Structure formats: structure tokens, C-alpha cells
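Spelled out, the chains give:
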There are 2 protein chains.
Amino acid sequence: MKAKIHVYLKPGVLDPQGTAVANSLKTLGFEEVTGARQGKLIELDLSSVDAEEASERVKAMCDKLLTNPVIENYDIELSA
Amino acid sequence: MKAKIHVYLKPGVLDPQGTAVANSLKTLGFEEVTGARQGKLIELDLSSVDAEEASERVKAMCDKLLTNPVIENYDIELSA
């Protein structure tokens, strides 16, 4: 079983990396870019078989290690 | 229009950050984790209206600035 975790900064949290990306794209001539945010993507390989249990466990991993709940949100996507 | 860009390391490219994540999760008691890979997630706000043109332009942004085509693959997801 595989889990894809998308980690985003919460709205309102300053994202200097995203701002740098947006400015660089504009400098390169991509004038249509009005904003950019940068997040993380974590792919896990799991030996679990039960999707419901795996979802609970991955949620616990996010809360304990993978994300900072003060400034980040996350989505979990499980696939067989 | 919004574009979500998922950037992954190509298979075979060493990913020390992913390895560190997998080891840390195991140390925390998540024994079911057999591997982890870490990538980037970039969200762009675009003033474009034509989806086909936007897709071409975002592809050009990825090739020119956002990804390293030698070691990284990417997926683009456009939404209104």
C-alpha cells in the first residue's frame, strides 16, 4: 500500500520560498503568474493491508513527525 | 486558474531526505513503513484563461526553472 501526503502551508503563513518562485517566474517572462506557494510531497511505502487502519496510522505519522500542525495542513491519499 | 505541480525524484536517484524520514518513522514505532521519498509541491496562481495554453506555459516553467530534468520528474494538474 502506498500513501501520498501533500503538505501545504496554512493560508496566511508567510512563504518566502513561494514568493521567490513567483518573482523568478515573472523575471523569466511568465507574466501570468500572480502567486506561488511551495509545499512538500511525501510518498510512503507501507506493508499495511487494511486501508482504514493505514489511514489512521498515516495521520498519526503526520501529526507526530511529518508536518508542523501550527503552520501546515495536509492531505493523505492512499492507494493499493 | 490554478496549477499544482508535483515534483518527484526519478527512480534510482538517491533520496537521503526520504531515507531519513523512513528511518525516523520506524524509530517512532511505525514499523509498517518500508520506504519513503520526498518531493516538492508547487501551487501557482495564473491569470491565464485558456487551459491548453496554460498547460504549455506551465510545462515551460517546469523545464526552465521549477524542476531539474536530469534527476526529477513532474506532473501538472490544472484547475479553474
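Residues numbered from 1 in each chain as written. Chains lettered and ligands numbered in written order. Predicted model: local features only at pLDDT ≥ 70, side-chain atom pairs only at ≥ 80, totals over all residues. Heavy atoms only, no water.

Chain A goes by Phosphoribosylformylglycinamidine synthase subunit PurS in an unreviewed UniProt entry, where it is assigned to Glycocaulis albus. What UniProt states about chain A under its Pathway (unreviewed entry) heading is, verbatim, "Purine metabolism; IMP biosynthesis via de novo pathway; 5-amino-1-(5-phospho-D-ribosyl)imidazole from N(2)-formyl-N(1)-(5-phospho-D-ribosyl)glycinamide: step 1/2." (UniProt positions renumbered as here; feature names shortened; annotations may be inferred.)

Caption draft 1: Region of interest: the relation of the copies chain A and chain B. Expressed as a screw transformation, the operator carrying chain A onto chain B has a rotation angle of 180° and an axial translation of 0.0 Å, and the superposed copies differ by an RMSD of 0.0 Å. Taken together, these values place the two copies in the relation of a two-fold axis. Using C-alpha coordinates, one finds that chain A approaches the rotation axis most closely at A:Lys40, a distance of 2.4 Å. Looking at the interface residues of chain A, 100% of them are also at the interface in chain B, so both copies use one shared face. (Least-squares fit on C-alpha atoms with pLDDT ≥ 70 in both. Contact = heavy atoms within 4.5 Å.)

Caption draft 2: Seen up close, the pairing of strand β2 (residues 33-46) of chain B. As paired strands, strand β2 (residues 33-46) of chain A and β2(B) are joined by 13 bridges and run antiparallel to one another. Residue pairing in the sheet places A:Gln38 in a bridge with B:Ile42 of β2(B). Alignment of strand β1 (residues 2-9) of chain B against β2(B), held across 6 bridges, turns out to be antiparallel. The partner of B:Ile5 across the bridge, within β2(B), is B:Ile42. (Pairing = 2+ DSSP bridges. Helix = DSSP H or I, 4+ residues; strand = E, 2+ residues; numbered from the N terminus.)

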